[in-house]
Amino acid sequence: KYSKSFLALLLPLLYCLIDAAGTVTDSVILETMDEDVANVAYELTFLLMGILAFVYVCIIRREKLTVRREGPKLLGGVCETAGQFAYIYAIADTAHSGSAMAIISAYCALSAVWGRIFLKEKLNFWHYAALVVILAGIIILGVFDA
């Protein structure tokens, strides 16, 4: 129903713009803060959000949590935390910032590829053309470490 709506186009675009702004902000923060301190600050922020979500779901809405149903979400959270650690150290490595940015930027392209593989989404010529351009940009960033 909403696959061709304005909202379907706007939300992914906004996500990418907000994520790009966050990446720039992260690099500015890491110029003044040690990587270990930044990681602790990020993890404490995520812990606070987790506590607030728990209070809302379990206390306000009175829903029961079951381990079997929440297991994939827990695994996703662990993987996200590991990715956050790697991301902070990669972006703080100013000697290889081009390579780090190339690797970090690959997730948007991989999301489209994974959607095609796992969700059986249909991609047209322009989707594949965009993926080729993205791949070329990632290779250029990685090779020239710009």
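See the structure above.
Okay, so let's go over this structure. (Residues numbered from 1 in each chain as written. Predicted model: local features only at pLDDT ≥ 70, side-chain atom pairs only at ≥ 80, totals over all residues. Heavy atoms only, no water.)

## Regarding the pattern of salt bridges
Move 1: For the structure on display, the rule yields 3 salt bridges.
Move 2: The residue Arg61 makes a salt bridge to Glu63 at a minimum N-O spacing of 3.1 Å.
Move 3: Here Glu63 falls in the partly exposed class, since its relative accessible area comes to 33%.
Move 4: Counted as one network, the salt bridges with shared partners bring together Arg69, Glu70 and Lys73. (Salt bridge = Lys/Arg side-chain N within 4 Å of Asp/Glu carboxyl O. Buried < 20%, exposed > 50% of the residue type's maximum accessible area, 1.4 Å probe, protein only.)

## A closer look at the side chain of Asn39
Move 1: Tracing the backbone shows Asn39 in helix α2 (residues 35-60).
Move 2: Residue contacts for Asn39: discarding those within four places in its chain leaves Gln84, Phe85, Ile88 and Tyr89. (Helix = DSSP H or I, 4+ residues; strand = E, 2+ residues; numbered from the N terminus. Contact = heavy atoms within 4.5 Å.)

## Structural notes on the layout of surface pockets
Move 1: In this model, the largest pocket occupies a volume close to 830 Å³.
Move 2: Around the largest pocket, the lining comprises 20 residues; the ones closest to its centre are Pro12, Cys108, Ala112, Glu121 and His127.
Move 3: Elements that contribute at least two residues to the lining of the largest pocket include exactly α1 (6-32), α4 (97-118) and α5 (125-144).
Move 4: Each residue belonging to the lining of the largest pocket can be placed in one class, and the counts come to 15 nonpolar, 3 polar and 2 charged. (1 Å grid on protein atoms, 1.4 Å probe; cavity = no way out; pocket = protein on both sides within 12 Å on 5 of 7 lines; lining within 4 Å. Points joined across faces, edges and corners; volume = space filled by probe spheres on them. Nonpolar A, V, L, I, M, F, W, Y, C, P; charged D, E, K, R; others polar.)

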